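Geometric and topological summary
Take a look at the letters that make up each chain.
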Amino acid sequence: MIVVTGATGTVGRLVVEQLCAMGARVRAVTRRPSAASLPAGVEIVRGDLGEPDGLPGVLAGADRVFLLSAGPELPRHDAAVAAAAARAGVSHIVKLSSGRAGDAAATDPIPAWHRAGERAVRASGVPWTMVRPLGFMANALHWAPTVRDHDTVYAPYGQGRIAVVDPYDIAAVAAKALTEPGHEGRVHTLSGPRPLTPGEQTEILAEVLGRPLRFVETTPEQARAALLRFGIEAEMADAIMALRATALESFTSVVHPTVEEITGRPPRTFLDWVLEQRASFA
């Protein structure tokens, strides 16, 4: 039995789908089971990582856990799951972390939250694997409304390059780590095949949509306001903006071979991702 937390999110849903395709027995954890819409055969249970008293039931009979949490409460949630997993006799935790969690100099909120979460998982005594992706290709979905309405991408830090990775590849690596031996005690840092600026991503979007698009560099203040309009809470918006600023560092443009090493195929390109997501921008 593999328990997947965050099972209806961008990565968690893909982990569930890929594990099911591999024939694994999956228990999906979500706060809203009635809206989960997951593959047939998946055991869907209600669970909230902020309610530790419910975790023993969620983890009962589980052998492995995919741990996905987010936001300011991430360290507390990871610690609660790790402790409950240890008590339940879980044999392996695969945690979705941050590409910069291993950099002690990265003191902005998101890597700091994940670093604390990683410490809790290691301290639990349960064998672990850390999956640390760089920027997500799916973050480009924040541009969809202005692409649809104004043929324009608005983004800060126009000179920054990030080797963004497809969530499908993140899920593929996680699924391998959950179902194959040899991943215990390893850190998998993931990237896509090519570092891209927002302007270069805009060019690829335009190619797929078959119409010209503009890229307009915004100030960080304007970008933060756009996140708030997108429905993101203020503390999380500040954390995202701090992470976005790191696009100007060389770390985010490094291409890692991990996806191909683990899955046996090259990582998917931003063009691949846009082709699948075209309807969101059309």
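Now for a quick tour of the structure.

1. Comments concerning the packing of helix 3 (residues 74-88) against helix 4 (residues 109-123)
Running from amino to carboxyl end, helix 3 crosses helix 4 at an angle of 15 degrees, the nearest separation of the two axes being 8 Å. Looking at the two axes, helix 3 sits roughly parallel to helix 4. Note on packing geometry: the crossing formed by helix 3 with helix 4 is right-handed. Residues L74, P75, D78, A79 and A82 of helix 3 touch helix 4, and the partners they reach there are W113, H114, A116, G117, A120 and V121. Partitioned by chemical class, the residues of the contact of helix 3 with helix 4 number 8 nonpolar, 2 polar and 1 charged.

2. Some thoughts on the side chain of Q201
Topologically, Q201 is positioned in helix 7 (residues 198-209). In contact with Q201, not counting residues within four places along its chain, are W143, V164, L196 and F270.

3. Notes on the nonpolar core
Counting 29 residues, the largest nonpolar core has V4, V15, V16, L19 and F66 as its most contacted members. The set of elements that each furnish at least two residues to this core consists of strand 1 (2-4), helix 1 (10-21), strand 2 (26-30), strand 5 (92-96), helix 6 (167-179) and helix 10 (258-263). If one sorts the elements of this core by residue count, helix 6 sits on top with 7 residues. Every residue in contact with L19, bar those within four places of it in the chain, is listed here: I2, V4, A24, V26, A175, L178 and T179. Ranked by size, the runner-up nonpolar core spans 22 residues in total, among them V3, V29, V58 and M130.

Thresholds applied
Residues numbered from 1 in each chain as written. Predicted model: local features only at pLDDT ≥ 70, side-chain atom pairs only at ≥ 80, totals over all residues. Heavy atoms only, no water. Axes fitted to C-alpha atoms, helices over the stretch in contact; angles between N-to-C directions. Helix = DSSP H or I, 4+ residues; strand = E, 2+ residues; numbered from the N terminus. Parallel < 35°, antiparallel > 145°, perpendicular 65-115°, else oblique. Left-handed = near helix turned anticlockwise from the far one by under 90°. Contact = heavy atoms within 4.5 Å. Nonpolar A, V, L, I, M, F, W, Y, C, P; charged D, E, K, R; others polar. Core = buried A, V, L, I, M, F, W, Y, C linked by side-chain atoms within 4.5 Å. Buried < 20%, exposed > 50% of the residue type's maximum accessible area, 1.4 Å probe, protein only.

In short, the description is geometric, and any link to function would need to be established separately.
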